[in-house]
Amino acid sequence: MTRHGKRGTRYTGAYRDPDGRTRSAGSFSTRREAQRAAQREEQKVLAGAWHDGTLGEITFRAYVETEWLPNKQIEASTRAGYMNYLNKHFYPFFGARQMNRISPSLVQDWATQAHKDGLSPRSVHKYHVLLSSIFVRAVKDRVLVYNPCDHTELPKVIARKARTLTPNEYERLLAAMPAQYQLMVETLIETGLRWGELIALKPRHIDFLRRSITIEETIVEVSKAHSPTGERYVAKPYPKDNESRTVGIRQAWLDAVAEHIATNVIGHDDLLFATKVGTPISRNTFRTRIWLPAVKASGIDFGVRVHDLRHAHASWLLAGGADLKSVMDRMGHSQIQTTQKYLHALPDTDQRNLDALSRIQNRT
């Protein structure tokens with residue numbers, strides 16, 4: 001394209017983008033420069049390396065809400081968590097900015113400021129992973145040509161030494177628990193179930209003859225605003241790892257559960273543990289009203305969580321001689337590395353190691 005003006009003749013290089021639309025490669029003083037510029041852009045189109053810079057003018061919030069989040073195949077509870085992170089940590093800082101104006105230095109400013117404002121190093125790392133995933137998708141969508149989260153300097157995470165509940169501490173905790181909740185707690189230590197799997201458990205999941213239970217459902221608790229059904233509790237026909245599993249159970253637990261079912265007239269498809277009106281038990285309500293007071297009354301000297309009963313279950317099995325693979329299957333772990341972290345977790349493990357060393361050395 002040639003244009004004649006007061007400053008002389010100018011030549012515009014023209015080419016077609018991947019959609020067949022005519023684009024300008026820039027304006028030049030010679031026809032040859034314009035042709036070369038157009039050819040360079042054409043080569044990018046042919047190589048699949050061409051980028052439409054105008055796509056990056058969309059704001060961070062608009063991109064997340066119209067492209068990234070709607071296409072995420074995630075559970076309702078995960079989506080609710082993402083919305084919390086976005087509203088609290090990312091929209092205030094990045095929301096109104098154009099995607100192509102978010103630089104590595106701006107991401108670095110966010111990470112540095114978040115840590116200064118009191119966010120723990122572990123949380124900064126976790127949120128940075130989420131932020132990076134948004135930009136990874138933007139690069140794939142060719143909204144951006146690079147991920148501004150690459151090479152961010154994040155605060156150092158100091159590994160915390162895990163504390164495992166001992167059998168003695170567990171007995172003290174169980175004794176401090178109100179009677180109507182003791183079987184729930186016993187079920188957690190007996191099975192290693194996650195909370196959502198526990199509150200979804202029904203009599204039909206129990207095989208009294210084979211002494212086993214099948215974990216094939218879970219219940220997640222989300223705010224109604226983020227619930228796909230508009231309800232607070234969402235039942236899923238599969239556990240967290242997306243595969244049902246069957247685990248063996250001791251006879252004493254089966255006897256206690258049989259009595260619980262008969263006493264409370266619990267139907268085959270009713271929840272085994274529920275509120276007085278038959279609805280799922282809220283994790284937060286149980287934690288604040290039942291669990292924390294019992295932990296305090298037990299005199300346990302660390303902040304043991306409900307989920308720590310699952311950890312204790314795995315640790316006790318391994319400490320008692322169970323093999324990693326069977327514990328991995330029982331816990332529903334997808335990777336054996338997850339199970340390995342429960343090895344040597346009990347506080348007396350190292351002393352038992354030293355005792356074993358002494359026995360070997362003192363052999364005659």
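The present account deals with the structure reproduced in this document. (Residues numbered from 1 in each chain as written. Predicted model: local features only at pLDDT ≥ 70, side-chain atom pairs only at ≥ 80, totals over all residues. Heavy atoms only, no water.)

**Describing the overall build of the chain**
Right, on to step 1. Within the chain one finds 14 helices and eight strands.
Right, on to step 2. For 364 residues, the compact-globule estimate of 2.2 N^0.38 gives 21 Å, and the chain exceeds it by more than 25% at 29 Å.
Right, on to step 3. Considering only C-alpha atoms, the chain reaches an extent of 95 × 60 × 40 Å along its principal axes.
Right, on to step 4. Relative to its 364 residues, the chain shows a buried fraction of 40%. (Helix = DSSP H or I, 4+ residues; strand = E, 2+ residues; numbered from the N terminus. Rg over C-alpha atoms; globule rule 2.2 N^0.38 Å. Buried < 20%, exposed > 50% of the residue type's maximum accessible area, 1.4 Å probe, protein only.)

**Section: the packing of aromatic side chains**
Right, on to step 1. Applying the stated criterion across every chain, the model contains twelve aromatic pairs.
Right, on to step 2. Summarising the aromatic geometry, the rings of Tyr-85 and Tyr-127 are spaced 4.7 Å apart at their centres and angled 55° between planes, so their arrangement reads as tilted. Note that Tyr-85 is positioned in helix 3 (residues 76-94) and Tyr-127 in helix 5 (residues 121-140), a separation of 42 residues in sequence.
Right, on to step 3. Given a relative accessible area of 18%, Tyr-85 falls into the buried group.
Right, on to step 4. The buried category is assigned to Tyr-127, whose relative accessible area is 9%.
Right, on to step 5. Geometrically, the ring pair formed by Phe-90 and Trp-110 is tilted, given 5.3 Å between the ring centres and 50° between the ring planes. Separated by 20 residues along the polypeptide, Phe-90 in helix 3 and Trp-110 in helix 4 (residues 104-116) bring together distant segments of the chain.
Right, on to step 6. Through successive ring pairs, a cluster of aromatic residues spans Phe-60, Phe-90, Tyr-91, Phe-93, Phe-94, Trp-110 and Phe-135. (Phe/Tyr/Trp six-rings, centres within 6.5 Å; stacked < 30°, edge-to-face > 60°.)

**Remarks on empty space enclosed by the protein**
Right, on to step 1. Per the counting criterion, the structure on display carries one cavity of 30 Å³ or more.
Right, on to step 2. In this structure, the largest cavity occupies an estimated 30 Å³ of space.
Right, on to step 3. Lining the largest cavity are Leu-188, Leu-193, Arg-194, Trp-195, Val-306, His-307 and Arg-310.
Right, on to step 4. Residues belonging to the lining of the largest cavity are distributed by class as follows: four nonpolar, one polar and two charged. (1 Å grid on protein atoms, 1.4 Å probe; cavity = no way out; pocket = protein on both sides within 12 Å on 5 of 7 lines; lining within 4 Å. Points joined across faces, edges and corners; volume = space filled by probe spheres on them. Nonpolar A, V, L, I, M, F, W, Y, C, P; charged D, E, K, R; others polar.)

**Quick look at the pattern of salt bridges**
Right, on to step 1. All chains considered together, the criterion is met by 14 salt bridges.
Right, on to step 2. In this structure, Arg-194 engages Glu-197 in a salt bridge whose closest nitrogen and oxygen atoms are separated by 2.7 Å. A single burial state applies to Arg-194 and to Glu-197, both of which are buried.
Right, on to step 3. A salt bridge links Arg-305 to Asp-308; the nearest nitrogen and oxygen atoms lie 2.8 Å apart. (Salt bridge = Lys/Arg side-chain N within 4 Å of Asp/Glu carboxyl O.)

**Details of the packing of helix 7 (residues 179-191) against helix 11 (residues 308-319)**
Right, on to step 1. Look at helix 7 against helix 11: their axes get within 7 Å of each other, and the N-to-C directions meet at 40°. Judged by the inter-axis angle, helix 7 sits oblique to helix 11. Taken as a pair, helix 7 and helix 11 cross one another with a handedness that is right-handed. Across from Val-185, Leu-188, Ile-189, Glu-190 and Thr-191 in helix 7, the residues of helix 11 making contact are Leu-309, Ala-312, His-313 and Trp-316.
Right, on to step 2. Residues of the contact of helix 7 with helix 11, tallied by class, amount to six nonpolar, two polar and one charged. (Axes fitted to C-alpha atoms, helices over the stretch in contact; angles between N-to-C directions. Parallel < 35°, antiparallel > 145°, perpendicular 65-115°, else oblique. Left-handed = near helix turned anticlockwise from the far one by under 90°. Contact = heavy atoms within 4.5 Å.)

**Details of the sheet that holds strand 4 (residues 206-207)**
Right, on to step 1. On the basis of which strands lie adjacent, the open sheet formed by three strands has the order 4-5-8 and antiparallel pairing. Edge strands, defined here as strands with exactly one partner in the open sheet, are strand 4 and strand 8 (245-248).
Right, on to step 2. Sheet analysis places strand 4 next to strand 5 (residues 212-215), joined by two bridges and oriented antiparallel. Bridge pairing in strand 5 places Ile-206 opposite Ile-213. (Pairing = 2+ DSSP bridges.)

**With respect to helix 3**
Right, on to step 1. At Leu-86, helix 3 shows its largest kink, close to 45°.
Right, on to step 2. Listed as buried for helix 3 are Ala-76, Ala-80, Gly-81, Tyr-82, Met-83, Tyr-85, Leu-86, His-89, Phe-90, Tyr-91 and Phe-94.
Right, on to step 3. Residues of helix 3 that are buried in the fold lie against helix 2 (60-68), helix 4 and helix 5. (Bend = angle between axes of the 7 residues up to and from the residue.)

**Quick look at the layout of surface pockets**
Right, on to step 1. Roughly 650 Å³ of internal volume is contained in the second largest pocket.
Right, on to step 2. Counting only elements with at least two residues in the lining of the second largest pocket, the list comes to helix 7 and helix 10 (283-298).
Right, on to step 3. A total of seven residues in the lining of the second largest pocket trace back to one element, the largest contributor, which is helix 7.
Right, on to step 4. Of the residues assigned to the lining of the second largest pocket, the class counts are 13 nonpolar, nine polar and four charged.

**Brief notes about the environment of Leu-292**
Right, on to step 1. Mapped onto the fold, Leu-292 is located in helix 10.
Right, on to step 2. Classification of Leu-292 by relative accessible area gives partly exposed; the value is 36%.
Right, on to step 3. The spatial distance from the C-alpha of Leu-292 to the C-alpha of Thr-214 is 29 Å, given a sequence separation of 78 residues.

It is worth stressing that arrangement in space is one thing and function is another; only the former is reported here.
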